[in-house]
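# Report on the structure
Here is what each chain is made of, one letter per residue.
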Amino acid sequence: MAAITNCSGKVVIVGAGIGGVTLAALLSSVGIECNIYEQRMTLSKDGFGLNIQPEAVSVLYRLGLAEKLDSCGIQTRAHRYVDHLGTTLFEEARGIDAGFDIPQISISRSELLNLIFTIAKTKATFNFDVKFSTDFLYKTQWAKDLIVGADGINSVVRQTLFPDSMQLNSGGMMLWRGITPMPKLLDGQTMIIANSGEGVRLIAYPVSKAHDLRGESLINWVILVPMSLDKQFDTIINRFQATDFLLKLIKEWHFDWLNLQTLITSSKTLMRTAMVDRKPLNKWSHNQCVLIGDAAHPMFPIGANGATQSIIDAETLSSTICESPDFESAIAKYEHVRIPAVSKIVMANREMNSRELASQALNQQERIRELVITATNYKAETTRTNSD
Ligand SMILES: Cc1cc2nc3c(=O)[nH]c(=O)nc-3n(C[C@H](O)[C@H](O)[C@H](O)COP(=O)(O)OP(=O)(O)OC[C@H]3O[C@@H](n4cnc5c(N)ncnc54)[C@H](O)[C@@H]3O)c2cc1C
């Protein structure tokens, strides 16, 4: 198929994560040549669950993935905030139930990546086991090409373009992730956000339609632990001690509708990372090299927005490439739309983190009020409108 763009040269994408593979799929669908380089030997099978907001699900639907997404992922109906005894404090409707035409989808990261890859690989050229370095970026063979850094939070492309922008900002929490098959969680379509007085938080949601059809839930969960409490981890050496540490943190918690002990001890795998972001940049490009996704705007992973924004970046960039006479103008239009929109979300995630932590000192009534305000403000700041 002939390329539907006036830009000469091809698109070189660094990183086959959600953003990079979505961009490759979108460009392939309009006949634009693209080469994608990934440091891993194969498409990543790692990772737990992701939430994709309706604005990004609509991009995936347009790629022809509606049926497959529906048969793999869960249409999330609500976010329910509960206390440490499982009592509902507040419930926020999501996706279709919140009035969108398209659902919010919770899905395993590797399943989603594979679905998008099936579209991208038909036309894009994938090169695995190639780790991009700064030297690669200056290869003369790519002088006419657009280079897209979709290489995630530790982006080499960003480091090369903006070496002074790599300082991490800590959210003061460690994130413990797990994924556990369990009896069905509530209606099978609800995300749980639970808090305790010490600042420990649990986020849990089902991610697999196959489990749902069997009357179960494959629950993706994250326990957020304040750094001050997580220090005890320094002396932990094995998985048994790690689960023991997590169980002690929530020993006063009890939900009638979810066995927390089983959730933590029966996880297939455990992962611990720090909650970090970076200060928003006012430029994501230099010459014909541009950033998308976490490379451009890492954010605290608490607003269910990281993967969503990388998909919307990919959609915006592919559209501006199609509409523009050259790559420079495509980049300029892309930055004009996306930098203010996503910078707002990075800051909204910080604000939500601080407010949720502060709300734990409040009494029940004040806390419910605060949760409603926080959720409403976050939605207003982060939902894409037609004018964005
Ligand atoms: C393995 C993995 C597991 C994850 N699991 C979760 C999860 O369970 N829950 C969650 O909320 N978020 C998870 N994330 C983060 C989440 O995918 C991103 O926040 C979001 O999807 C934005 O994606 P992205 O495409 O910008 O970056 P990423 O999804 O991080 O993808 C970046 C890709 O670039 C590749 N790469 C990096 N450096 C180079 C290089 N120098 N040369 C070539 N390739 C390079 C990486 O291997 C990776 O495949 C995970 C990320 C990764 C990489």
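Reading the values: the criteria
Residues numbered from 1 in each chain as written. Predicted model: local features only at pLDDT ≥ 70, side-chain atom pairs only at ≥ 80, totals over all residues. Heavy atoms only, no water. Pairing = 2+ DSSP bridges. Helix = DSSP H or I, 4+ residues; strand = E, 2+ residues; numbered from the N terminus. Axes fitted to C-alpha atoms, helices over the stretch in contact; angles between N-to-C directions. Contact = heavy atoms within 4.5 Å. UniProt positions renumbered as here; feature names shortened; annotations may be inferred. Near = heavy atom within 4 Å. Polar contact = N/O pair within 3.5 Å; in protein donor to acceptor, adjacent residues only side chain to side chain. Areas by Shrake-Rupley, 256 points an atom, 1.4 Å probe, with all protein chains shown as cover. Buried < 20%, exposed > 50% of the residue type's maximum accessible area, 1.4 Å probe, protein only. Core = buried A, V, L, I, M, F, W, Y, C linked by side-chain atoms within 4.5 Å. Salt bridge = Lys/Arg side-chain N within 4 Å of Asp/Glu carboxyl O.

Strands sit in the order E6-E5-E11-E12-E13-E10-E14 across an open sheet of 7 strands; the sheet is mixed. Of all the strands in the sheet, the pair left with one neighbour each is strand E6 (88-93) and strand E14 (270-277). The mean inter-strand angle of the sheet, taken between neighbouring strand axes irrespective of direction, is 20°. As paired elements, strand E5 (residues 78-82) and strand E11 (residues 190-195) share 5 bridges and run parallel to each other. Considered in E11, the bridge of tyrosine 81 is made with isoleucine 193. On top of the sheet, helix H9 (residues 239-249) reaches strand E10 (169-183), strand E13 (216-226) and E14; it is set at about 80° to E13, its chief contact. Relative to the sheet, helix H13 (residues 364-382) contacts E5, E6 and E11, its axis offset from that of E6 by approximately 15°.

On to the UniProt feature "transmembrane region" (unreviewed entry) in the chain, then. As recorded in UniProt, the feature "transmembrane region" (unreviewed entry) lies at residues 12-32. Here residues 12-32 runs as 57% helix and 14% strand, with 11 Å between its end C-alpha atoms.

The next thing to look at is the site of the ligand. The environment of the ligand is made up of 30 residues, and the closest members are Gly19, Glu38, Phe48, Arg109 and Asp294. Measuring from a nitrogen atom of the ligand, one finds a backbone N or O atom of glutamine 39 at 3.1 Å. Aspartate 294 places a side-chain nitrogen or oxygen 2.6 Å from an oxygen atom of the ligand. Out of a free accessible area of 920 Å², the ligand has 86% covered by protein chains. Elements with a minimum of two residues in the shell around the ligand: helix H1 (18-29), strand E3 (49-52) and helix H11 (306-323).

What follows is about the environment of isoleucine 116. With respect to the helices and strands, the residue isoleucine 116 is situated in helix H4 (residues 109-120). Each C-alpha atom of the pair isoleucine 116 and leucine 26 lies 9.6 Å from the other, and the pair is 90 residues apart in sequence. Contacts of isoleucine 116, omitting those with residues within four sequence positions, involve Ile18, Val21, Thr22, Ala25, Leu60 and Leu65.

In terms of burial, strand E12 (residues 201-206) is a largely internal element, 6 of the 6 residues being buried. Side chains of E12 alternate between two faces, with Arg201, Ile203 and Tyr205 and Leu202, Ala204 and Pro206 buried alike. Pairing between E11 and E12: 4 bridges, direction antiparallel. Along E12, the bridge assignment pairs isoleucine 192 with alanine 204. Adjacent in sequence and paired antiparallel, E11 and E12 are bridged by 5 residues, among which glycine 199 carries a positive phi angle near 95°. Judged from the 6 bridges that link them, E12 and E13 form a sheet pairing that is antiparallel. Directly across from isoleucine 203, in E13, lies its bridge partner valine 222.

Nonpolar side chains in soluble globular proteins tend to end up buried together. Judged by nonpolar contacts, the single largest core of 94 residues is most densely connected at Val11, Val21 and Ile52. Looking at this core, the element that brings in the most residues is helix H12 (residues 327-359), giving 10 residues. In terms of nonpolar packing, the next biggest core, distinct from the first, is built from 26 residues, Trp176, Leu246, Leu258 and Leu260 among them.

To continue, consider the sheet that holds strand E16 (residues 289-291). Strands belonging to one sheet form pairs held by backbone hydrogen bonds; the direction of such a pair is parallel or antiparallel. The sheet built from 6 strands is open, its strands ordered E8-E2-E1-E9-E16-E15 with mixed pairing. With one partner strand each, in any of the chains shown, strand E8 (125-127) and strand E15 (285-286) form the two edges of the open sheet. Bridging between strand E2 (residues 34-37) and E8 involves 3 bridges; their strand directions are parallel. Counterpart to isoleucine 36 in the pairing with E8 is phenylalanine 126. With respect to the sheet, H12 is in contact with strand E1 (11-14), strand E9 (146-149), E15 and E16, its orientation differing from that of E16 by roughly 20°.

For the structure shown, the criterion picks out 17 salt bridges. A salt bridge links arginine 80 to glutamate 91, with the shortest nitrogen-to-oxygen separation between them at 2.7 Å. With arginine 80 in strand E5 and glutamate 91 in strand E6, this pair connects stretches of sequence that are 11 residues apart. Look at glutamate 91 and you get partly exposed, because its relative accessible area is 31%. In this structure, a network of salt bridges that share partners links the residues Arg77, Arg80, Glu91, Asp97 and Asp187.

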